[in-house]
Amino acid sequence: MIHQDYVNLMKINFQKGFLSDGTSSILSGVFSLNDLKNFGKEKGWCPYFLARHLVSVANIILCSYQYIIDPRIAALVSSNFPENTIIVFDEAHNIDSACIEALSVSFDHETLIAAEGQVEKLKNKIARLKKNEREILNREYESLIQGLAHETGIVSPADTSFQLLPPEIIEEAVPGNIRRAEHFVELLRRFTDHLKDKLDCERSENPIKFCLDVEETQAIQQRHLKFCSARFNALMRGLQIEQLASFTALSLIAEFATVVSTYSKGFVVIYEFIKIANREKKNIKLCC
């Protein structure tokens, strides 16, 4: 069994290899994912960063709709396209539904239960760090004071969560009461509790009313919710958590918080109960 530390070291070495020698490379031909992986092994370059680099020099790029229309991932591919770029959509009649899906967020009651458990995991992790490795928490806190766009090593503007935020928010310092890791995790706990309470009956409301209700019942301001997705990703990096899959439910809740507090026109929050095999499933949907 390969030790995780060895895997992490290899990732770092391949990234450094690309940053050292591969940033000026220009390849000719058509490359599949396996081609890039094999080429990366041969050169000692990270195939992911190599693919990101090649997007900037390629003549033809094939990608899914999401890399063009979804603001969370469009920055990885389409944001730096030249002005004279020609974009061709195949099956263009699906664009409307793809746009709606790109900024819609949905989850069920089970997701909220899982998020509660993940909050507890983070609280325990932070408590251990405060006792034994406080410098990690201090370093993350100091970087957040500089603002999301100027952090050093905790969050990069290439982070897909940045694409959900208006530019003026990215330039701001993270609000003081969610800079400390333990304070932010407590905010996520209260927000998750609030979402559970909202699933008491079927109804719908606009994002403005939703945010006002959160502030009234949980004392969580709309401005703080806007930072949740980026702040959550910063926390994962700051705490050096490798197993991100263990926190997918909480990540989804943070994403929902950012979208519902950032966009209002054309959005609605829906609480619905669906019966599946004699069992009632409770869902929350933020629909575009």
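Going by the structure above, here's the rest.
We now turn to the structure provided with this report. Keep in mind the model is a prediction, meaning the values are calculated, not measured. (Residues numbered from 1 in each chain as written. Predicted model: local features only at pLDDT ≥ 70, side-chain atom pairs only at ≥ 80, totals over all residues. Heavy atoms only, no water.)

## Comments concerning the overall build of the protein chain
Tallying secondary structure elements over the protein chain gives 13 helices and four strands in all. Across the 288 residues that make up the protein chain, the buried fraction comes to 39%. For the protein chain, long-range pairs separated by at least 24 residues make up 72% of all intrachain contacts whose partners lie at least 6 apart in sequence. In the structure as shown, the protein chain presents an accessible area of about 16400 Å², 52% of it carried by carbon and sulfur atoms. (Helix = DSSP H or I, 4+ residues; strand = E, 2+ residues; numbered from the N terminus. Buried < 20%, exposed > 50% of the residue type's maximum accessible area, 1.4 Å probe, protein only. Contact = heavy atoms within 4.5 Å. Areas by Shrake-Rupley, 256 points an atom, 1.4 Å probe, with all protein chains shown as cover.)

## With respect to the packing of helix 2 (residues 33-43) against helix 3 (residues 47-55)
Helix 3 packs onto helix 2 with a crossing angle of 115° between their chain directions and a minimal axis gap of 9 Å. Note on packing geometry: the crossing formed by helix 2 with helix 3 is right-handed. From helix 2, Leu 36, Lys 37 and Phe 39 reach across to helix 3, where they touch Pro 47, Leu 50, Ala 51 and Leu 54. Looking at the contact of helix 2 with helix 3 residue by residue, the class counts come to six nonpolar, no polar and one charged. (Axes fitted to C-alpha atoms, helices over the stretch in contact; angles between N-to-C directions. Left-handed = near helix turned anticlockwise from the far one by under 90°. Nonpolar A, V, L, I, M, F, W, Y, C, P; charged D, E, K, R; others polar.)

## A word on the packing of aromatic side chains
Applying the stated criterion across every chain yields a total of five aromatic pairs. On the basis of an interplanar angle of 85° and a centroid distance of 6.1 Å, the ring pair of Phe 191 and Phe 210 is categorised as edge-to-face. Separated by 19 residues along the polypeptide, Phe 191 in helix 9 (residues 181-198) and Phe 210 in helix 10 (residues 207-218) bring together distant segments of the chain. The buried category is assigned to Phe 191, whose relative accessible area is 0%. Taking relative accessible area as the criterion, Phe 210 reaches 0% and is therefore assigned buried. Their ring planes at 35° and their centres at 6.3 Å tell us that Phe 191 and Phe 256 sit as a pair that is tilted. Of the two residues, Phe 191 sits in helix 9 while Phe 256 sits in helix 13 (residues 248-262), which places them 65 residues apart along the sequence. Accessibility classification places Phe 191 together with Phe 256 in one group, the buried group. (Phe/Tyr/Trp six-rings, centres within 6.5 Å; stacked < 30°, edge-to-face > 60°.)

## Topic: the nonpolar core
One finds Leu 122, Phe 191, Leu 195, Phe 210, Phe 232 and Phe 256 to be the most contacted residues of the largest nonpolar core, which totals 43 residues. Of all the secondary-structure elements, those providing two or more residues to this core are strand 1 (105-108), helix 6 (109-132), helix 9, helix 10, helix 12 (228-238), helix 13, strand 3 (268-276) and strand 4 (279-287). At eight residues, the largest contribution of residues to this core is made by helix 13. Contacts of Phe 256, omitting those with residues within four sequence positions, involve Val 105, Phe 107, Phe 191, Leu 195, Phe 210, Val 269, Ile 284 and Leu 286. Ranked by size, the runner-up nonpolar core spans five residues in total, among them Leu 36, Phe 39, Trp 45 and Leu 50. (Core = buried A, V, L, I, M, F, W, Y, C linked by side-chain atoms within 4.5 Å.)

## A few points about the pattern of salt bridges
Overall, the coordinates contain 11 salt bridges when judged by the stated rule. Between Asp 193 and Arg 189 there is a salt bridge whose closest N-O contact spans 2.8 Å. Of this pair, Asp 193 and Arg 189 are both found in helix 9, four residues apart, which corresponds to roughly one turn of the helix. Because the salt bridges share partners, they merge into one network encompassing Lys 198, Glu 205, Lys 209 and Asp 213. (Salt bridge = Lys/Arg side-chain N within 4 Å of Asp/Glu carboxyl O.)

## So, helix 10
If you check helix 10, its first and last C-alpha atoms are 16 Å apart, about what 12 residues at 1.5 Å a residue would give, namely 16 Å. Here helix 10 has its buried residues at Pro 207, Phe 210, Cys 211, Asp 213, Val 214 and Gln 218. Along the axis of helix 10, the buried residues cluster in a sector spanning 160°; they form a single face. Pointing more than 90 degrees away from the buried face of helix 10 are the exposed residues Ile 208, Leu 212 and Glu 216. If you follow the buried residues of helix 10, they end up packed against helix 9, strand 2 (203-205), helix 11 (222-226), helix 13, strand 3 and strand 4. The residue sitting at the N-terminus of helix 10 and contributing the capping side-chain oxygen is Asn 206; that oxygen lies 3.1 Å from the backbone nitrogen of Ile 208. Immediately downstream of helix 10, the backbone of Ala 219 shows phi near 60°, a positive value. (Expected span 1.5 Å × (residues − 1). Arc of directions from axis to C-beta. Polar contact = N/O pair within 3.5 Å; in protein donor to acceptor, adjacent residues only side chain to side chain.)

## Concerning the layout of surface pockets
When its volume is computed, the second largest pocket comes out at roughly 880 Å³. Lining the second largest pocket are 25 residues, and of these Phe 31, Ala 51, Leu 54, Val 55 and Ile 61 lie nearest its centre. Elements with a contribution of two residues or more to the lining of the second largest pocket: helix 2 and helix 3. No other element matches helix 3, which puts six residues into the lining of the second largest pocket. Along the lines of polarity and charge, the residues of the lining of the second largest pocket split into 20 nonpolar, four polar and one charged. (1 Å grid on protein atoms, 1.4 Å probe; cavity = no way out; pocket = protein on both sides within 12 Å on 5 of 7 lines; lining within 4 Å. Points joined across faces, edges and corners; volume = space filled by probe spheres on them.)

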